[in-house]
Amino acid sequence: MKKMVLLVMVLSVMFFGGVSWAGESSADRAQITAEARRGFEEILDLWRDRSYDALYERTLTAGGPDQWSFVDQLNHSARRPACCWEKIQDVSLVYVDAHTVQLNARLGIEVEGFGTRFVTRSFRLQKEAGVWKIAATEIIALAEPNMQRIPREIIERPL
């Protein structure tokens, strides 16, 4: 009985004392979420600058398009992230673990010929090899490519 009481006391101190089971403090979690936000903003900047090959390197591609298809779809899109203060607003981040963060934000998306439209979405960011990445399918969904549209440029597909 004494062992059970002692075990309950130890577990209570650990739980209510703020000891993290994962060994991460709230400062560590804040740093991880801040890094994830910066990584997400870098992803949006790459997309805005039309650096599609570099952008593809910042995506999770399992079950998604290959690099050629990804670049081609973005090349057929009239949408891209807005600049400056319109780019990302109302950001909230949820720490999942040291390699996963859920980001909720309102994004400004420039639509060619129509100006900036705002969309609110949730994104799952994962850290692979020290780099924060997002699913390629998320970017394609935001881009809303129109394959009947004249592409921005003619891209030569490598053989």
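Residues numbered from 1 in each chain as written. Predicted model: local features only at pLDDT ≥ 70, side-chain atom pairs only at ≥ 80, totals over all residues. Heavy atoms only, no water.

A.B. asks: If you had to explain the side chain of Thr33 to someone new, which residues and values would you point to?
C.D. replies: Structurally, Thr33 is set in helix 2 (residues 26-48). Note on Thr33: relative accessible area 14%, which makes it buried. Other than its neighbours up to four places away in sequence, Thr33 contacts Leu93, Tyr95 and Val101. (Helix = DSSP H or I, 4+ residues; strand = E, 2+ residues; numbered from the N terminus. Buried < 20%, exposed > 50% of the residue type's maximum accessible area, 1.4 Å probe, protein only. Contact = heavy atoms within 4.5 Å.)

A.B. asks: Explain the side chain of Thr100 to me, and be specific about the residues and the numbers.
C.D. replies: Within the secondary structure, Thr100 sits in strand 4 (residues 100-111). Not counting the four nearest positions on each side in its chain, Thr100 is found in contact with Tyr95, Arg124, Leu125, Gln126 and Trp132.

A.B. asks: Describe the confidence of the model for the protein chain, and please don't skip the residues or the numbers.
C.D. replies: Looking at the protein chain as a whole, its pLDDT mean stands at 86, while 79% of the residues score no less than 70. Confidence over residues 16-22 falls short of pLDDT 50; this stretch has 5 contacts with residues more than four positions distant or in other chains. (pLDDT = per-residue confidence, 0-100.)

A.B. asks: Any details on the environment of Glu57? Residues and values, ideally.
C.D. replies: Mapping Glu57 onto the fold places it in the loop between helix 3 (52-56) and strand 1 (59-60). Distance from Glu57 to Val131, taken between C-alpha atoms, is 9.6 Å for residues 74 residues apart in sequence. Beyond its immediate sequence surroundings of up to four residues, Glu57 is in contact with Gln67 and Lys133.

A.B. asks: Could you give an account of the pattern of salt bridges, with specific residues and numbers?
C.D. replies: In the structure shown here, the tally under the stated rule is 8 salt bridges. When the shortest N-O distance is used, the salt bridge between Arg48 and Glu110 registers 3.2 Å. One end of the pair, Arg48, is in helix 2; the other, Glu110, is in strand 4, with 62 residues separating them in the sequence. Ionic pairing is found between Arg80 and Glu110, a salt bridge with its closest N-O pair at 3.5 Å. Within this pair, whereas Arg80 is found in strand 2 (residues 79-81), its partner Glu110 is found in strand 4, the two being separated by 30 residues in sequence. One salt-bridge network, in which partners are shared between bridges, spans Arg48, Arg80 and Glu110. (Salt bridge = Lys/Arg side-chain N within 4 Å of Asp/Glu carboxyl O.)

A.B. asks: Which residues make up helix 2, and what values go with them?
C.D. replies: Along an α-helix, residues three or four apart share an orientation, since each turn contains 3.6 residues. If you check helix 2, its first and last C-alpha atoms are 33 Å apart, about what 23 residues at 1.5 Å a residue would give, namely 33 Å. Of all the positions in helix 2, only Ile32, Thr33, Ala36, Gly39, Phe40, Ile43, Leu44, Trp47 and Arg48 are classed as buried. In the segment just after helix 2, Arg50 is the residue with positive phi, at about 60°. (Expected span 1.5 Å × (residues − 1).)

A.B. asks: Describe empty space enclosed by the protein, naming the residues involved and giving the relevant values.
C.D. replies: Taken as a whole, this structure holds 1 cavity of 30 Å³ or more when the rule is applied. In this structure, the largest cavity occupies an estimated 50 Å³ of space. Taken together, Phe40, Ile43, Leu44, Trp47, Phe123, Ile134, Ile139 and Leu142 form the lining of the largest cavity. Mapped by element, the contributors of at least two residues to the lining of the largest cavity are helix 2 and helix 5 (136-143). Top contributing element to the lining of the largest cavity by residue count: helix 2, with 4 residues. Residue composition of the lining of the largest cavity, by class: 8 nonpolar, no polar and no charged. (1 Å grid on protein atoms, 1.4 Å probe; cavity = no way out; pocket = protein on both sides within 12 Å on 5 of 7 lines; lining within 4 Å. Points joined across faces, edges and corners; volume = space filled by probe spheres on them. Nonpolar A, V, L, I, M, F, W, Y, C, P; charged D, E, K, R; others polar.)

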